[in-house]
Amino acid sequence: MRPRPPVTGRGVFSGTGLIVTALAATAAALLVPLWFYAGRPDPAAASPRSARTVTTPYGPLSAADRDFVTKVRLAGLWELPAGELAERKGTTAAVRTAGRHLVDGHTALDAHVRTVALQLGVPLPNEPNAQQKQWLATLEAAGGQDFDRRFAGLLRLAHGRVFSLVAQIRAGTQNSLVRDLADDANATVLDHIRVLEATGYVDFAALARELAVSASPVPAPPAADPGAAVPVVPSSGEPSSPPPAAGASPRPDRQG
């Protein structure tokens, strides 16, 4: 029996087989990367900073910028009432003077932060956070020289912590309104640090130990629409004298 001659064009190694094999390999090379990366987040989109930075007429507004605006507001919500307590309960002229500086400074600074928040659409809290409420309760319960010491110690610690934050925001923000607010906050905080130290009740050794320990983050209270932010003003409704540490006023016409 004679063997059959090979059939031309059949088999993997035929011309048609080679073309089909090549096409299959190409499809696999294209599909494997798609399958491998399917469902994986885009690294750029996963970045919290890029995802939470928004464009405004005054320059980019980052998550850190918004956090700073919130913290300026929170500072006024408890430090102005603390200043009023010092005016009423302080046993020395220096403590009462420090209280007046806190009242005047935060009256002006709160007006500034509410203007900035309204222009940038940043919600603001209308009450202090839990830790700040506790500090106020401590001051309300204290009396005599114990009040003087606690007032100077707590307020100097709070101002020392926020002072470095103001510098970081001022150095890095790309938003012109936030820069102006940082300038104002810097002048106000520095003025308050000076008058608190002038009371003679600041324990610098204890202060250094406290500042060396990282403060645990305290959740901010619920925030309201910036247009619904209640002004922080003295109980009398107006400061008794011009703010001693006037900072930069809002300049909405500036671009970032």
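Before going into details, it helps to say that this report is about the structure given with it. (Residues numbered from 1 in each chain as written. Predicted model: local features only at pLDDT ≥ 70, side-chain atom pairs only at ≥ 80, totals over all residues. Heavy atoms only, no water.)

**Section: the overall build of the protein chain**
Next, step 1: Helix and strand counts for the protein chain stand at nine helices and two strands.
Next, step 2: Ordered by position from the N terminus, the helices and strands of the protein chain form the series α-α-α-α-α-β-α-α-α-α-β.
Next, step 3: Restricting the contact set of the protein chain to residue pairs at least 6 apart, pairs at least 24 apart contribute 82%.
Next, step 4: Accessible surface, the protein chain as shown: approximately 14,300 Å² in total, 60% of it carbon and sulfur. (Helix = DSSP H or I, 4+ residues; strand = E, 2+ residues; numbered from the N terminus. Contact = heavy atoms within 4.5 Å. Areas by Shrake-Rupley, 256 points an atom, 1.4 Å probe, with all protein chains shown as cover.)

**What to know about the packing of helix α7 (residues 144–172) against helix α9 (residues 204–212)**
Next, step 1: Remark: α7 packs on α9, axes separated minimally by 10 Å, with the N-to-C direction vectors making an angle of 45°. Between α7 and α9, the angle is such that the two are oblique. Helix-helix and strand crossings are classified by hand; for α7 and α9 the assignment is right-handed. Contact residues: Arg156, Leu157, Gly160 and Arg161 in α7; Leu207, Glu210 and Leu211 in α9.
Next, step 2: Looking at the contact of α7 with α9, its residues break down into three nonpolar, one polar and three charged. (Axes fitted to C-alpha atoms, helices over the stretch in contact; angles between N-to-C directions. Parallel < 35°, antiparallel > 145°, perpendicular 65-115°, else oblique. Left-handed = near helix turned anticlockwise from the far one by under 90°. Nonpolar A, V, L, I, M, F, W, Y, C, P; charged D, E, K, R; others polar.)

**Quick notes on helix α5 (residues 93–120)**
Next, step 1: The end-to-end C-alpha separation of α5 is 40 Å, in line with the 40 Å expected for 28 residues at 1.5 Å each.
Next, step 2: Gly121 sits one or two positions beyond α5 and adopts a positive phi of about 70°. (Expected span 1.5 Å × (residues − 1).)

**Let's talk about the layout of surface pockets**
Next, step 1: By volume, the second largest pocket is sized at about 210 Å³.
Next, step 2: Along the walls of the second largest pocket sit Arg149, Arg150, Gly153, Leu154, Arg156, Leu157, Tyr201, Val202, Asp203, Ala206, Leu207 and Glu210, which together make up its complete lining.
Next, step 3: Those elements that provide at least two residues to the lining of the second largest pocket are α7 and α9.
Next, step 4: A per-element tally of the lining of the second largest pocket places α7 first, with six residues.
Next, step 5: Looking at the lining of the second largest pocket, its residues break down into six nonpolar, one polar and five charged. (1 Å grid on protein atoms, 1.4 Å probe; cavity = no way out; pocket = protein on both sides within 12 Å on 5 of 7 lines; lining within 4 Å. Points joined across faces, edges and corners; volume = space filled by probe spheres on them.)

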